[in-house]
Amino acid sequence: MVVLNSAKTALVELVDVCKEYRVGGVITMALKNVNFKVYEKDLVAIMGPSGSGKTTLLNMLGLLDRATSGKIVFDGQDVSKLSDRELANLRNTKLGFVFQTFNLINRLTVFENIELPLIPKGLPRNIRAEMVKDALIKVGGEMEWLKKRPNQLSGGQQQRVAIARAIVGRPAIILADEPTGNLDRMSAKTVIATLLELNKEGHTVVIVTHDPEVANCTQKIYVIRDGTIVGEYRPNPDESLIRKLSKD
Amino acid sequence: MNPYMILDFIRLSLKALSERRVRALLTTVGISIGPLVLVMMSSVVGGYSDYIVEKVTSLGQNAIAIFPNENYKISDEDLQFVRSIPEVAKAEPFYSIQGVLKRGTEEIKVSIFAVDYTLLFEAIGSLKISEGKIPSETEVLYSIVGRKIAFKDSGERCFTLNDVLTIDVPRIEGGKITGKKSLNIILGAILEEYGGALIVDPDSTIFLSPEAGRRLLGMRDWSGIFVLARDPSFVRTIVSTLRSKYEDRLRVIAFSAIAETISSVTSAIDFINFSTSLSAFAVAVAGTAATMITAVMERTREIGVMKAIGYTNSQILFMVLLESIMMSLIGGLVGISLGVFGAHILSSRGLSIRGIELTFVANPKITSNLIVQTMLLTISVGLVGGALPAYRASKIPPVVALRYE
Ligand SMILES: Nc1ncnc2c1ncn2[C@@H]1O[C@H](COP(=O)(O)OP(=O)(O)OP(=O)(O)O)[C@@H](O)[C@H]1O
Ligand SMILES: [Mg+2]
């Protein structure tokens, strides 16, 4: 295996991580001795068949769940030693999540949705308003969306709002689980282009996807099968969604 | 947590409530019943109790009334005995009877009370003359009348000083009522409005001198003896002296004892009322808990997303708890306002005491203490009802944000 980017520091590192789910006596090994590193400014894709453990892996990288065994090192800290509150603070300051179903709150305006991660930071309103606008501009959103409800926007627009929410707190890493899973190809392209743009600006981006055309937009593809990382591939830019749609 | 955050959490809670406003409204209505009942009943009962106690005490802390029971006649000897008790300052017999007064075209029921005027004004401290003067001993035909006799309820005047009043009273011969007779007396003075009372209701009473009682009413037997103690602290001694001598031949009523009885009765009513409204509060707790637990379950994913975004367990707990507290705050405000409103309506209808034929109106007793206690109790409904749902919400794992079903 060729080690890329060895000069950079690992932002998140999984060492021999196992994750079991127990449901009524039935044990599922979702991750089996996974060793995985995400480096600063990485742009990586994780691919694999359904049920292979992609989301579970993302949960580990995103500090959403604790490993059954093994070690997770985030920004130099062993996270198993951290309390729930400290994990929440890390998620708030260092991580941004993008979900397949957007997970926007429809009773709140677009503005309030993007603002949501800033509330636990206890920032004053005017500063938050600036940060919200900045984030929306970065994802190519329009100011008139701010007053609307998320369900008044198209799927692609909603996902861009969701990305704005993920980056508004200026996190180091953006973790996206099937961000294009619910979108048509054109919308998928703008969303991926947005993520690539954010990566260029310095954000680390991890994308879980089924779609090879999406994976080919990244710099590195990991393939996971039955809870084990089985390979690491270089993407083929010619087969990327962005390239293909530009040709059409 | 800084002030910005608290305001933001309040805003988030209000938004969440407004999304399910029908449910929130119904729950709030449910919460408002407890404070409504508590404020309304407590203030009405408190108002009447205070009113009665005040009136009774104004009748004189040191006043005692003695009435004969059936088959007993009060004699001069009895009067002398009462006067001989060292603690007694004054004792005068009185006559009382019901009559019908012709006033223009209408006939109204009046009480006639013949008693020593000095004793009367001494015993009922707040009794004041508004027109005329107290008739002298020789002016047997002159009377003092209550406000409601000289004036209609509308304030329209019916009689002026020196008018002749014609009253029908029962004719009494040998202690038996044998018919009716008409009586003419002169209006010598009009009292200021007194506002209802017990045993005597000065506003609709015609007061006469004892001499007039004997001569005009033709009553040979006294209706009772009015006693003043030298000091309120002697009342008990006098009452027990009289009771041990006369046992059940005389009824001895000390006004201060009435006040005590009323106070203890109303505190019992208050306690019952409090316990009853507690059940309303308990139901409200259950209702709040039910509403909140459904709200939390419906928002499992949303709360998971908030967790993923970096909200801590205690922030989620606080946010959900704020929702139920908000409902209880609104429920409390609405309930207390309606309770105050209802208390005024309820007490404006007046309280009728059967037997004495007396209706009086007392303002509800709304104290800041009652309001604050009720509000705290109502807020605790939100706290207790919201506790379990808020705890459940705080334990929702952040991974649910990434689950797709
Ligand atoms: N909360 C859970 N409880 C029990 N089993 C779970 C849970 N979450 C995931 N699993 C199991 O763990 C394995 C990995 O699941 P995971 O969601 O990580 O797969 P995935 O690669 O994301 O699949 P998909 O492409 O369908 O999203 C699966 O067998 C799944 O059934
Ligand atoms: Mg998945």
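As the structure is a computational prediction, the values presented were derived from the model and not from experiment.

Trainee: Just checking my understanding: could you explain the overall build of chain A for this structure?
Mentor: Tallying secondary structure elements over chain A gives 8 helices and 10 strands in all. For chain A, whose C-alpha radius of gyration is 18 Å, the value lies close to the compact-globule estimate of 18 Å for 248 residues. Projected onto the principal axes, the alpha-carbon positions of chain A cover approximately 50 × 50 × 45 Å. Among the 248 residues that make up chain A, the fraction classed as buried is 54%. Long-range pairs, those at least 24 residues apart, make up 70% of the contacts in chain A between residues at least 6 apart in sequence. For chain A, the exposed area adds up to about 10,700 Å²; of that, 50% sits on carbon and sulfur atoms. Distance between charge centres in chain A, computed from 34 positive and 28 negative side chains, equals 3 Å.

Trainee: How should the overall build of chain B be read in this particular structure?
Mentor: Within chain B, the regular secondary structure consists of 11 helices and 12 strands. Taking 405 residues into account, the globule formula puts the C-alpha radius of gyration at 22 Å, and chain B, at 32 Å, lies well above it. In terms of overall dimensions, chain B has a C-alpha envelope of 105 × 50 × 40 Å along the principal axes. Sequence separation of 24 or more characterises 79% of the internal contacts of chain B that already satisfy a separation of 6 or more. A total accessible area of about 19,100 Å² is found for chain B, and carbon and sulfur atoms account for 59% of it. Seen as two clouds, the 40 positive and the 38 negative side-chain charges of chain B have centres 8 Å apart.

Trainee: In this structure, what is going on with the interface of chain B and chain A? I would like to understand it.
Mentor: In many reports, interface size means the accessible area that the parts give up when they come together. Contact residues are listed per partner, giving 29 residues for chain B and 32 residues for chain A. Summed over both partners, the interface of chain B with chain A buries about 2,700 Å², with 58% contributed by carbon and sulfur atoms. Where chain B touches chain A, the interface holds 6 salt bridges. Between A:Arg128 and B:Asp8 there is a salt bridge; the shortest N-O distance is 2.6 Å.

Trainee: Got a minute to help me understand the packing of helix H3 (residues 76-84) of chain B against helix H7 (residues 235-246) of chain B in this structure?
Mentor: Each packed pair of helices is defined by two parameters, the angle between the axes and the distance between the axes. Residues and elements named next belong to chain B. Interhelical geometry of H3 versus H7 gives an angle of 145° and a closest axis separation of 11 Å. The chirality of how H3 crosses H7 is right-handed. For the pair H3 and H7, contact is made by Asp78, Phe81 and Val82 and by Thr241, Leu242, Lys245 and Tyr246, respectively. Its residues assigned to classes, the contact of H3 with H7 comprises 4 nonpolar, 1 polar and 2 charged.

Trainee: Can you walk me through the site of ligand 1 in this structure?
Mentor: Inspection of the region around ligand 1 gives 14 residues, with A:Ser50, A:Gly51, A:Lys54, A:Thr55 and A:Thr56 positioned closest. Looking at the residues close to ligand 1, they fall on chains A and B. A:Thr56 has a polar side-chain atom sitting 2.5 Å from an oxygen atom of ligand 1. One nitrogen or oxygen atom from the side chain of B:Arg403 is found 3.4 Å from a nitrogen atom belonging to ligand 1.

Trainee: What is the right way to look at the packing of helix H8 (residues 255-298) of chain B against helix H11 (residues 368-394) of chain B in this model?
Mentor: All names here are of chain B. Remark: H8 packs on H11, axes separated minimally by 8 Å, with the N-to-C direction vectors making an angle of 30°. Judged by the inter-axis angle, H8 sits roughly parallel to H11. Crossing handedness for the pair H8 and H11: right-handed. On the side of H8, the interface is formed by Phe274, Leu278, Phe281, Ala284, Val285, Thr288, Ala289, Met292, Ile293, Val296 and Met297, while H11 contributes Leu377, Thr378, Val381, Val384, Gly385, Gly386, Pro389, Arg392 and Ala393. Here the contact of H8 with H11 is built from residues that sort into 15 nonpolar, 4 polar and 1 charged.

Trainee: Can you walk me through the sheet that holds strand S4 (residues 69-74) of chain A in this structure?
Mentor: Adjacent strands of a sheet form backbone hydrogen bonds with each other and so pair up, either parallel or antiparallel. Residues and elements named next belong to chain A. An order of S2-S1-S4-S5 is seen for the 4 strands of this open sheet, with the pairing classed as antiparallel. Both edges of this open sheet fall to strand S2 (26-39) and strand S5 (77-78), since each of them pairs with a single strand only. In the packing of helix H1 (residues 54-61) onto the sheet, contacts are made with strand S1 (10-23), S2 and S4, and the angle to S1 comes to roughly 125°.

Trainee: Is there a simple way to think about the pattern of salt bridges in this case?
Mentor: Should the charged atoms of two oppositely charged side chains come close, the side chains can pair. Considering all chains together, one arrives at 34 salt bridges over all chains under this definition. For A:Lys19, the salt bridge goes to A:Asp65, with nearest N and O atoms at 3.2 Å. With A:Lys19 in strand S1 and A:Asp65 in the loop between H1 and S4, the pair connects residues that are 46 residues apart, well separated along the chain. Exposure remark for A:Lys19: the relative accessible area of 9% places this residue in the buried category. Accessibility expressed as a relative area gives 23% for A:Asp65, which makes it partly exposed. In this structure, a network of salt bridges that share partners links the residues A:Arg107, B:Glu19, B:Arg20, B:Arg299, B:Glu302 and B:Glu323.

Trainee: Explain the domain arrangement of chain B here, please?
Mentor: What the domain assignment lists for chain B is domain 1 (3-57 + 261-403) and domain 2 (63-230). Here domain 1 of chain B and domain 2 of chain B have C-alpha centroids that lie 52 Å from each other.

Trainee: Looking at this structure, how should I read the nonpolar core?
Mentor: Here is a general trend for soluble globular proteins: nonpolar side chains tend to be buried in one another's company. By size, the foremost hydrophobic cluster in this structure holds 68 residues, and its most contacted members are A:Leu14, A:Leu61, A:Leu116, A:Val206, B:Leu12 and B:Tyr311. Broken down by element, this core gets its largest block of residues, 8 residues, from helix H10 (residues 313-348) of chain B. By size, the runner-up hydrophobic cluster in this structure holds 47 residues, among which are B:Val110, B:Val145, B:Leu187 and B:Ala212.

About the cut-offs
- Residues numbered from 1 in each chain as written.
- Chains lettered and ligands numbered in written order.
- Predicted model: local features only at pLDDT ≥ 70, side-chain atom pairs only at ≥ 80, totals over all residues.
- Heavy atoms only, no water.
- Helix = DSSP H or I, 4+ residues; strand = E, 2+ residues; numbered from the N terminus.
- Rg over C-alpha atoms; globule rule 2.2 N^0.38 Å.
- Buried < 20%, exposed > 50% of the residue type's maximum accessible area, 1.4 Å probe, protein only.
- Contact = heavy atoms within 4.5 Å.
- Areas by Shrake-Rupley, 256 points an atom, 1.4 Å probe, with all protein chains shown as cover.
- Lys, Arg positive; Asp, Glu negative; His and termini not counted.
- Charge placed at Lys NZ, Arg CZ, Asp CG, Glu CD.
- Buried area = accessible area lost by both parts, 1.4 Å probe.
- Salt bridge = Lys/Arg side-chain N within 4 Å of Asp/Glu carboxyl O.
- Axes fitted to C-alpha atoms, helices over the stretch in contact; angles between N-to-C directions.
- Left-handed = near helix turned anticlockwise from the far one by under 90°.
- Nonpolar A, V, L, I, M, F, W, Y, C, P; charged D, E, K, R; others polar.
- Near = heavy atom within 4 Å.
- Polar contact = N/O pair within 3.5 Å; in protein donor to acceptor, adjacent residues only side chain to side chain.
- Parallel < 35°, antiparallel > 145°, perpendicular 65-115°, else oblique.
- Pairing = 2+ DSSP bridges.
- Domains from an automatic or database assignment.
- Core = buried A, V, L, I, M, F, W, Y, C linked by side-chain atoms within 4.5 Å.

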